[in-house]
Amino acid sequence: MKRKNSILIVVMIFTSLIFSSCNTSVKGNWSDSDKQKFQIEMEAVEELSELGENKTKWIECYLIKCEANFSSFYQADSDAKGCEKIALECYDEVLSNGSVKGNWSEIDKQKFQSDMEAIEELSDLGENKSKWIQCYLNKCEANFSSYYQADSDEKGCEKIALECFLLIGI
């Protein structure tokens with residue numbers, strides 16, 4: 001009987017070693033093969049090239065969040081709505097350039113200024129152009145957590161633009 005128990009214990013230890021070496025995924029710690037599948041899938045998404053230098057940061061953010069929310073690549077790949085939510089969170093995080101509502105980063109402010117200066121129709125404002133741009137920047141910064149978020153809300157920005165036109169008296 002002792003010998004049978006000893007053999008059983010050895011088999012159990014051996015089995016647990018085999019299973020632990022299989023490198024299975026769990027929530028918060030995916031296997032190397034699941035991470036590799038994820039990377040291959042992300043590299044195949046052509047639209048991500050639009051992120052330019054932020055593509056790698058976005059993929060890293062997305063992997064970390066998917067790994068934290070799903071127990072495997074397969075589970076993540078099966079939840080389109082959950083993944084869409086995570087993808088949007090990563091877009092916000094990566095493209096916010098460190099901005100927060102009420103305090104945008106210098107990068108966001110410079111990009112905003114540059115984009116506004118490039119709008120030819122604003123030249124019609126004459127001497128009021130810079131006042132309007134400053135008003136618009138201040139209100140966007142107060143209402144959105146980043147330039148990326150503001151740029152994604154056309155209706156909200158239209159409302160703010162109109163407010164600035166009215167404030168400046170145009």
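Use the structure listed above.
Because the structure is predicted, anything quoted here is derived from the model rather than measured.

Observations concerning the overall build of the protein
Phase 1 of the analysis: Check the secondary structure of the protein and you find 9 helices and 0 strands.
Phase 2 of the analysis: Secondary structure elements of the protein occur, N-terminal to C-terminal, as α-α-α-α-α-α-α-α-α.
Phase 3 of the analysis: The long-range share in the protein, meaning contacts at least 24 apart out of those at least 6 apart in sequence, stands at 62%.
Phase 4 of the analysis: A total of about 11600 Å² of accessible surface is found on the protein, and carbon and sulfur atoms cover 54% of it.

A word on the state of the cysteines
Here, disulfide denotes a covalent bond that connects the sulfur atoms of two cysteines.
Phase 1 of the analysis: Under the defined criterion, the tally for this structure stands at 2 disulfides.
Phase 2 of the analysis: Between Cys 61 and Cys 90 runs a disulfide, and the two sulfur atoms are separated by 2.3 Å. On the S-S bond that ties Cys 61 to Cys 90, the torsion sits near -85°, and the link is left-handed. Residue Cys 61 is found in helix H3 (residues 55-69), and its partner Cys 90 is found in helix H5 (residues 80-95); the two are separated by 29 residues along the sequence.
Phase 3 of the analysis: Here Cys 135 engages in a disulfide with Cys 164; their sulfurs sit 2.3 Å apart. Because the torsion about its S-S bond is -85°, the bridge between Cys 135 and Cys 164 counts as left-handed. Pair noted here: Cys 135 is in helix H7 (residues 129-143) and Cys 164 is in helix H9 (residues 154-168), with a separation of 29 residues, a long-range link.
Phase 4 of the analysis: Each bonded cysteine in the protein gets a number by its place in the sequence, and the pairs come out as 1-2, 3-4.
Phase 5 of the analysis: Free cysteine: Cys 66, not disulfide-bonded; nearest cysteine sulfur from Cys 83 at 4.4 Å.

Some details on the nonpolar core
Phase 1 of the analysis: Core analysis: the biggest nonpolar cluster contains 20 residues, and Trp 30, Phe 38, Met 42, Trp 58, Tyr 62, Cys 66 and Phe 70 have the highest contact counts within it.
Phase 2 of the analysis: When residues of this core are traced back to their parent elements, those giving at least two are helix H2 (32-43), H3, helix H4 (73-77) and H5.
Phase 3 of the analysis: Trp 104, Phe 112, Trp 132 and Ala 150 belong to the second-largest nonpolar core, a separate cluster that totals 18 residues.

Describing H9
Phase 1 of the analysis: In a regular helix each residue adds 1.5 Å, so 15 residues correspond to 21 Å; H9 covers 21 Å between its end C-alpha atoms and thus fits that length.
Phase 2 of the analysis: When we look at burial in H9, the residues that qualify are Gly 156, Cys 157, Ile 160, Ala 161 and Cys 164. Buried residues of H9, viewed axially, fall in a sector of 135°; they line one side. In this structure, H9 carries Lys 155, Lys 159, Leu 162 and Leu 166 as exposed residues pointing more than 90 degrees from its buried face.
Phase 3 of the analysis: If you follow the buried residues of H9, they end up packed against H7 and helix H8 (147-151).

A look at the pattern of salt bridges
Phase 1 of the analysis: Counted under the stated rule, the structure contains 10 salt bridges.
Phase 2 of the analysis: Across the pair Asp 34 and Lys 37 runs a salt bridge whose closest N-O atoms are separated by 3.7 Å. Of this pair, Asp 34 and Lys 37 both sit in helix H2, 3 residues apart, roughly one helical turn.
Phase 3 of the analysis: Its relative accessible area of 9% is what places Asp 34 among the buried residues.
Phase 4 of the analysis: By relative accessible area, which is 43% here, Lys 37 ends up partly exposed.
Phase 5 of the analysis: Residues Lys 55 and Glu 43 are paired through a salt bridge, measuring 3.4 Å at the closest nitrogen-oxygen approach.

The rules behind these values
- Residues numbered from 1 in each chain as written.
- Predicted model: local features only at pLDDT ≥ 70, side-chain atom pairs only at ≥ 80, totals over all residues.
- Heavy atoms only, no water.
- Helix = DSSP H or I, 4+ residues; strand = E, 2+ residues; numbered from the N terminus.
- Contact = heavy atoms within 4.5 Å.
- Areas by Shrake-Rupley, 256 points an atom, 1.4 Å probe, with all protein chains shown as cover.
- Disulfide = S-S within 2.5 Å.
- Core = buried A, V, L, I, M, F, W, Y, C linked by side-chain atoms within 4.5 Å.
- Buried < 20%, exposed > 50% of the residue type's maximum accessible area, 1.4 Å probe, protein only.
- Expected span 1.5 Å × (residues − 1).
- Arc of directions from axis to C-beta.
- Salt bridge = Lys/Arg side-chain N within 4 Å of Asp/Glu carboxyl O.

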